[in-house]
Amino acid sequence: MEILIFIGAALVLLLAFILIRALFFRPYPMKEIPPFAVEVDRDRAVQNLTRMIRCKTVSYLDTSLEAEGEFEKFRALLRECYPLVHQYCQFQRIGRTGLLYHWPGKSSEKPTVYMAHYDVVPAEEEAWEQPPFAGIIKDGFLWGRGTLDTKGTLCAILEGAEYLLAQGFVPANDIYLSFSGDEETNGASASDIVDYLAANGITPHMVLDEGGAIVQGAVPGVQEKCALVGTGEKGKLHLRFTVKSKGGHASSPPPRTPIGILARAVCAVENKPFRFHMAGPAREMFDILGRHAGFGLKLVFANLKLFGSLLNLATKKMGGEFNALVRTTVAFTKMKASDTVNVFPAAASVEADVRMMEGDTKDSVIAALKQ
Ligand SMILES: [Zn+2]
């Protein structure tokens, strides 16, 4: 009897603890920022971005598939649209597609680097409501591949620089504008620029690159629009799973075909997600945004440690962005086997795009997948 009373009392205490934590889980005070107008020639900026979208700068791992002329057209467009930037900044091409502008400030100490990339991933044109490379403006929106990722920011950086140069503005510290045209294929241009900066003793004080957006619904239960600033990035790994066979004719198949073996491997990996782990930046995000959620979810966000296993289950089921925040993920994206339906391939393969959480390494991921 006594033990029951003891358990009951402990449960009540735990419940009270959870409730009180949720009750005091209130939004952090936010500084009121009076609205201010950004001076910009809107029509010109829109027109320039539209022209950028019309350059079909699609990057491929197999660079022979790239339309080099489109990349050249894009670079020529920058010279045409931003004459002051090209007049006042020292410009150089670095690596295969890198563009580096040095905008001298009053001091060369503590330079800032603004980054963007001008290549885009391929677009399945039939699936688009508007053609992806036509730069169509409809209902106040500019449609096109690269508007967000990241010709939009590249355009904004250059519009800002061109505008300020026209005002005679000289930055307090040096500014570098660093653009690449092979980001989507993990090309070397950005790291070539890093090498150049390092070799010349230039140590950035701050680097601002793509990542994050103004989003709604990224954190469950939070209705308000949130400006997410990406402060961390997951590691990236490409893996190929291959099954070799003797080949042969489809009329007399073995009990397990290479594709059958691969399919089982893919299911096995998908059925065993990586461990639930909340890294520093994700924890911080839930602490800040979770305070804006409804009370039910506040109970969870205020007591993340207690509800860890519940979140683990929920995110496994949900997948998507929330899940990607709390574990290493494996996405199977590519398959290759026979080109002919009645012949076995000599080898069949699937490829996966792995995004690694802090703490995971190439070796630890491969070891876990082998299990
Ligand atoms: Zn991007």
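Residues numbered from 1 in each chain as written. Predicted model: local features only at pLDDT ≥ 70, side-chain atom pairs only at ≥ 80, totals over all residues. Heavy atoms only, no water.

Student: Please set out the overall build of the protein chain residue by residue, giving values where relevant.
Tutor: When its secondary structure is counted, the protein chain shows 12 helices and 14 strands. With the C-alpha coordinates of the protein chain rotated into their principal frame, the extents come out at 85 × 70 × 50 Å. Taking all 371 residues of the protein chain together, 34% fall into the buried category. When contacts within the protein chain are restricted to residue pairs at least 6 apart in sequence, those whose partners lie at least 24 apart make up 73%. Roughly 22900 Å² of accessible area belongs to the protein chain as shown, and the carbon and sulfur atoms make up 59% of that amount. Distance between charge centroids for the protein chain: 7 Å, based on 40 positive and 41 negative side chains. (Helix = DSSP H or I, 4+ residues; strand = E, 2+ residues; numbered from the N terminus. Buried < 20%, exposed > 50% of the residue type's maximum accessible area, 1.4 Å probe, protein only. Contact = heavy atoms within 4.5 Å. Areas by Shrake-Rupley, 256 points an atom, 1.4 Å probe, with all protein chains shown as cover. Lys, Arg positive; Asp, Glu negative; His and termini not counted. Charge placed at Lys NZ, Arg CZ, Asp CG, Glu CD.)

Student: Any chance you could break down the coordination of the zinc ion for me, citing the residues and the numbers?
Tutor: For the zinc ion, every protein donor is listed as His117 (NE2), Asp149 (OD), Glu210 (OE) and Glu210 (OE), and the spread of their distances is 1.8 to 2.5 Å. What the four donor atoms of the zinc ion show is an angle range of 55 to 130° at the metal, which sorts the shape as irregular. Donor residues for the zinc ion sit on one chain with the sequence pattern H-x31-D-x60-E. Residue Asp149 is located in the loop between β5 (141-142) and α5 (151-166), and its partner Glu210 is located in the loop between β7 (206-208) and β8 (214-215); the two are separated by 61 residues in the primary sequence. Looking at Glu210, the relative accessible area reads 31%, which means it is partly exposed. (Donors = N, O, S within 2.8 Å, 3.2 Å for Na, K, Ca; no water. Tetrahedral: all angles 85-135°; square planar, octahedral: opposite > 155°, others 65-115°.)

Student: If you had to explain the domain arrangement of the protein chain to someone new, which residues and values would you point to?
Tutor: According to the domain assignment, the protein chain consists of domain 1 (42-210) and domain 2 (226-370). Computed over C-alpha atoms only, the centres of domain 1 and domain 2 are separated by 31 Å. (Domains from an automatic or database assignment.)

Student: Describe the environment of His86, with residues and values.
Tutor: Within the secondary structure, His86 is located in helix α4 (residues 83-88). A residue is classified by how much of its surface remains accessible, and His86, at 21% relative accessible area, is partly exposed. The sequence separation of His86 and Pro111 amounts to 25 residues, and the corresponding C-alpha distance is 19 Å. Polar contacts involving the side chain of His86 include one to the side chain of Tyr101, which spans 3.0 Å. (Polar contact = N/O pair within 3.5 Å; in protein donor to acceptor, adjacent residues only side chain to side chain.)

Student: Which residues make up the sheet that holds strand β12 (residues 329-336), and what values do they have?
Tutor: Pairing is antiparallel in the open sheet, where three strands are placed in the order β10-β14-β12. The open sheet has two free edges, formed respectively by β10 (235-244) and β12, since each of these has just one partner strand. Strand-to-strand twist across the sheet, computed as the mean angle between neighbouring axes with direction ignored, equals 20°. Taken strand by strand, helix α7 (residues 258-271) contacts β10, β12 and β14 (347-356), and its axis lies near 15° from that of β14. The sheet strands contacting helix α12 (residues 362-370) are β10, β12 and β14, and the helix crosses β10 at an angle near 40°. (Pairing = 2+ DSSP bridges. Axes fitted to C-alpha atoms, helices over the stretch in contact; angles between N-to-C directions.)

Student: Kindly report on unusual backbone geometry, identifying the contributing residues and their values.
Tutor: Cis geometry marks the peptide bond from Asp149 to Thr150, where omega comes out at -20°. Positive phi values are uncommon outside glycine, yet Lys110 reaches one of about 45°. Looking at where Lys110 falls in the secondary structure, it is placed in strand β3 (residues 107-117). The exposure class assigned to Lys110 is exposed, which follows from its relative accessible area of 53%.

Student: Give a description of the sheet that holds strand β6 (residues 173-180) that names residues and reports values.
Tutor: Sheet architecture is open: five strands sit in the order β1-β2-β6-β3-β7, paired in mixed fashion. Strand pairing shows two members of the sheet lacking a second neighbour, β1 (90-94) and β7, which therefore form its edges. Going across the sheet, the axis of each strand differs from the next one's by a mean of 20°, ignoring polarity. Note: strand β2 (residues 98-103) against β6, five bridges, orientation antiparallel. Residue Tyr101 lies in a different strand from β6, and its bridge partner there is Leu177. Contacting β2, β3 and β6, α5 runs over the sheet at an angle of about 140° to β3.

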